[in-house]
Amino acid sequence: TFRYIPAMQRLRRALGLAVEDGSRLHVSLGKASIFSPTNASALVGLATLERIAQMSSVSDRPPVATSGDGTLSILSQDTMRAAYRIANAPELFDVERGRLAGPTPLSYIAGTLPVIRDERVSTNVLVGNFGPEVALLAEASDQQDAFTLGASDSLAAQAVLYASSEETLIGEELFALPAYLQAGPTHQASLRAQDILRWAVV
């Protein structure tokens with residue numbers, strides 16, 4: 001049994017509603033390179049994307065993932081391919097749904113905005129390494145009346161997401177996201193290990 005986090009419950013509800021009404025889910029993975037020190041947030045984003053792809057495999061509009069790093073975009077494509085294979089629906093995989101939106105922070109935002117505005121997206125999950133410019137994505141999502149969950153390892157991004165998105169995960173709650181989406185026993189064990197280490201430090 002995990003600690004109750006309202007943002008997680010609202011996300012699960014938004015995912016279910018998106019599948020029911022045939023709208024699209026958008027997962028924005030940030031701009032961290034898999035080889036950079038901030039790659040932990042990118043790995044969490046990929047695990048989240050895989051679980052979301054599995055949960056929405058029956059949807060009329062499969063999810064789309066955007067990222068600001070070439071390696072991360074390739075990994076997002078491979079993650080969705082694996083998710084559909086696990087869901088026994090490999091025919092749903094489309095390489096076009098794992099996109100490199102832009103290699104720089106502002107070009108990444110500029111490339112992601114059309115996805116939010118033009119592809120009938122009802123739920124945006126912003127999980128990864130962002131700068132304060134992520135507020136533009138949250139604002140665009142709000143203009144489209146879409147649900148937005150923000151989670152980042154950057155303090156600047158957390159601050160603007162807290163002010164501009166519907167739900168925000170603060171601090172280490174980012175790393176708990178796959179466990180709350182039931183992505184697998186490995187993530188749940190990782191979360192329990194974090195809690196044990198906290199008690200040991202206290």
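Please refer to the structure higher up on the page.
Residues numbered from 1 in each chain as written. Predicted model: local features only at pLDDT ≥ 70, side-chain atom pairs only at ≥ 80, totals over all residues. Heavy atoms only, no water.

1. Concerning the sheet that holds strand β1 (residues 24-30)
Taken together, the six strands give an open sheet; going across it, the order is β3-β2-β1-β4-β5-β6, and neighbouring strands pair in parallel fashion. A strand with exactly one partner marks an edge of an open sheet, and here the two such strands are β3 (98-100) and β6 (167-169). Shown here is a sheet whose adjacent strand axes are inclined to one another by a mean of 15°, direction ignored. Bridge count between β1 and strand β4 (residues 121-129): six bridges; the pairing is parallel. Residue pairing for β4: R24 is matched across the bridge by V121. On the sheet, helix α3 (residues 70-86) packs against β1, β2 (64-67) and β3 and is oriented at approximately 175° with respect to β3. (Pairing = 2+ DSSP bridges. Helix = DSSP H or I, 4+ residues; strand = E, 2+ residues; numbered from the N terminus. Axes fitted to C-alpha atoms, helices over the stretch in contact; angles between N-to-C directions. Contact = heavy atoms within 4.5 Å.)

2. A short note on the layout of surface pockets
Rolled over the atoms, a probe with the dimensions of a water molecule shows which regions are left empty. Here the largest pocket defines a volume of roughly 300 Å³. Around the largest pocket, the lining is made up of 18 residues, and of these S122, T123, D145, A146 and F147 lie nearest the centre. Broken down by secondary-structure element, the contributors of at least two residues to the lining of the largest pocket are α1 (6-21), α4 (105-118) and β4. The element that contributes the greatest number of residues to the lining of the largest pocket is α1, accounting for six residues. Looking at the lining of the largest pocket residue by residue, the classes come out as seven nonpolar, four polar and seven charged. (1 Å grid on protein atoms, 1.4 Å probe; cavity = no way out; pocket = protein on both sides within 12 Å on 5 of 7 lines; lining within 4 Å. Points joined across faces, edges and corners; volume = space filled by probe spheres on them. Nonpolar A, V, L, I, M, F, W, Y, C, P; charged D, E, K, R; others polar.)

3. As for the pairing of strand β5 (residues 147-152)
The buried count for β5 comes to six of six residues, which makes it a mostly enclosed element. By the alternation rule, side chains of β5 split into F147, L149 and A151 and T148, G150 and S152, which are all buried. By the bridge criterion, six bridges tie β4 to β5 in an arrangement that is parallel. The partner of V127 across the bridge, within β5, is A151. Between β4 and its parallel partner β5, the chain crosses via helix α5 (residues 135-143), and the hand of that crossover is right-handed. Relative to β6, β5 runs parallel, the two sharing three bridges. Note on β6: the bridge partner recorded for A151 is L169. In this region the chain leaves β5, passes through helix α6 (residues 155-164) and returns to the parallel neighbour β6; the handedness of that crossover is right-handed. (Buried < 20%, exposed > 50% of the residue type's maximum accessible area, 1.4 Å probe, protein only. Right-handed = clockwise from strand over helix to strand, strands pointing away.)

4. Digging into the packing of aromatic side chains
All told, the structure shown has one aromatic pair when counted by the stated rule. Ring centres 6.4 Å apart and planes at 15° place the aromatic pair Y108 and F130 in the stacked group. Of this pair, Y108 sits in helix α4 while F130 sits in the loop between β4 and α5, and the two are 22 residues apart along the sequence. (Phe/Tyr/Trp six-rings, centres within 6.5 Å; stacked < 30°, edge-to-face > 60°.)

5. Some details on the packing of helix α2 (residues 39-55) against α3
Following both chains from N to C, one finds α2 and α3 inclined at 35°, their axes separated by 8 Å at the closest point. Regarding α2 and α3, the two cross each other, and that crossing is right-handed. Residue-level inspection shows A42, L46, L49, E50, A53 and Q54 of α2 in contact with α3, the latter providing L72, L75, S76, T79, M80, A82, A83, Y84 and I86. Residues that form the contact of α2 with α3 fall into these classes: 11 nonpolar, three polar and one charged. (Left-handed = near helix turned anticlockwise from the far one by under 90°.)

These values are about where atoms sit, not about what they do.
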